[in-house]
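Results of the structural survey
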Amino acid sequence: MDGIIFDVDGTLWDSTDSVAESWNLALREHSSLDLVITGDILSRLFGKTMTEIADAVFPTLGPEERMNLLDICYDYENRYLETHPGTVYPDALDTLRLLSEKYPLFIVSNCQKGYIEAMMKSCGMEPYIRDHLCFGETGQPKSVTIRLLMERNDLNDVVYVGDTQGDADACRDAEVPFIFASYGFGDVPDAEQKINKLSDLCDIF
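What comes next is a walk through the structure. (Residues numbered from 1 in each chain as written. Predicted model: local features only at pLDDT ≥ 70, side-chain atom pairs only at ≥ 80, totals over all residues. Heavy atoms only, no water.)

1. Regarding the overall build of the protein
- The helix and strand inventory of the protein stands at 10 helices and eight strands.
- Relative to the 2.2 N^0.38 estimate, which gives 17 Å for 205 residues, the radius of gyration of the protein is 17 Å and therefore close to what a compact globule would have.
- In terms of its C-alpha atoms, the protein occupies a principal-axis envelope of roughly 50 × 30 × 30 Å.
- Each of the 205 residues in the protein was classed as buried or not, and the buried ones make up 51%.
- If you take every contact in the protein between residues at least 6 apart in sequence, the share linking residues at least 24 apart comes to 65%.
- When the accessible area of the protein is evaluated, it comes to approximately 9,600 Å², of which 46% is carbon and sulfur surface. (Helix = DSSP H or I, 4+ residues; strand = E, 2+ residues; numbered from the N terminus. Rg over C-alpha atoms; globule rule 2.2 N^0.38 Å. Buried < 20%, exposed > 50% of the residue type's maximum accessible area, 1.4 Å probe, protein only. Contact = heavy atoms within 4.5 Å. Areas by Shrake-Rupley, 256 points an atom, 1.4 Å probe, with all protein chains shown as cover.)

2. Quick notes on the pattern of salt bridges
- All told, the structure shown has 11 salt bridges when counted by the stated rule.
- Between aspartate 169 and arginine 172 there is a salt bridge, and its shortest N-O distance comes to 3.3 Å. You can see aspartate 169 and its partner arginine 172 sitting in helix α9 (residues 165–174), three residues apart, about one turn around the helix.
- Two residues, lysine 197 and aspartate 200, come together in a salt bridge whose shortest N-O distance is 2.9 Å.
- With relative accessibility at 45%, the residue lysine 197 sits in the partly exposed group.
- Here the residues in one salt-bridge network are Asp7, Lys142 and Asp167, joined through shared partners. (Salt bridge = Lys/Arg side-chain N within 4 Å of Asp/Glu carboxyl O.)

3. So, helix α1 (residues 16–30)
- Between its first and last C-alpha atoms α1 spans 21 Å; for 15 residues at 1.5 Å apiece the expected length is 21 Å, and the two agree.
- Turning to α1, its buried residues number three or more, namely Thr16, Ser18, Val19, Ala20, Ser22, Trp23, Asn24, Ala26 and Leu27.
- Those residues of α1 hidden inside the fold are in contact with β2 (13–14), α2 (39–43), α3 (50–57), α4 (63–83) and α6 (115–123). (Expected span 1.5 Å × (residues − 1).)

4. Considerations on the packing of aromatic side chains
- A full pass over the atoms with the stated rule returns five aromatic pairs.
- The interplanar angle of 75° and the centroid separation of 5.7 Å between the aromatic rings of tryptophan 23 and tyrosine 74 together place this pair among those described as edge-to-face. Placement of tryptophan 23 in helix α1 and of tyrosine 74 in helix α4 is noted, with a sequence separation of 51 residues between them.
- The class for tryptophan 23 is buried, based on a relative accessible area of 1%.
- An angle of 70° between the planes, with centres 5.8 Å apart, marks the rings of tyrosine 103 and phenylalanine 205 as edge-to-face. Remark: phenylalanine 205 occurs in the segment after α10 (200–204) and tyrosine 103 occurs in the loop between α5 (92–100) and β4 (105–109); sequence separation between them is 102 residues.
- Residue classification places phenylalanine 205 among the buried residues on the basis of a relative accessible area of 17%. (Phe/Tyr/Trp six-rings, centres within 6.5 Å; stacked < 30°, edge-to-face > 60°.)

5. Considerations on the nonpolar core
- Core analysis: the biggest nonpolar cluster contains 51 residues, and Ile4, Phe6, Trp23, Ile107, Met119 and Leu201 have the highest contact counts within it.
- The contact partners of methionine 119, leaving out residues within four places of it in the chain, are Val8, Leu12, Trp13, Ile107 and Met125.
- In this structure, Val108, Tyr160, Ala170 and Val188 belong to the second largest nonpolar core, which totals 18 residues. (Core = buried A, V, L, I, M, F, W, Y, C linked by side-chain atoms within 4.5 Å.)

Purely spatial values, then, with no claim about function.
Given below as structure tokens:
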């Protein structure tokens, strides 16, 4: 095996409350919508593409207006997370440190550009992640983004660790083995391999 690729939200950390706070700031300052975003709302949306999230959160706006507002929310989010980081899952940093001694580690997410960087910087994850790629950079489904990261790093034998059915479907389409993080936001009933905490990966690898 020449690499392990991780999802972010629900796999490495939980930033739903901090992200909700940042979005509410953005909405108060840049829209007249009578809308309050909560962590619970976001937990059901994390893992979807930026376009899908905009459609779900701002259905009363036209396509261009909703994407413009979403871009503003994401800008607030990236800056807010630098000083109000999400909650890193227990043993995440120790697990990444140990795994990085044996394998190159990567991140692929459906998030906006800048989010992965903000997450890694705020929680001290930067030394352990070799490379990362996201929907905000590729504009492509996660399956394609996974393959693009693999090509960029000359990877042939990897696994992907994620927490939603969307992650599992992306791995199937990308022809990459999937490990289900059962402690996250989603449910993957048919997952062939799962972990109950991130440190379980050290037993697998």
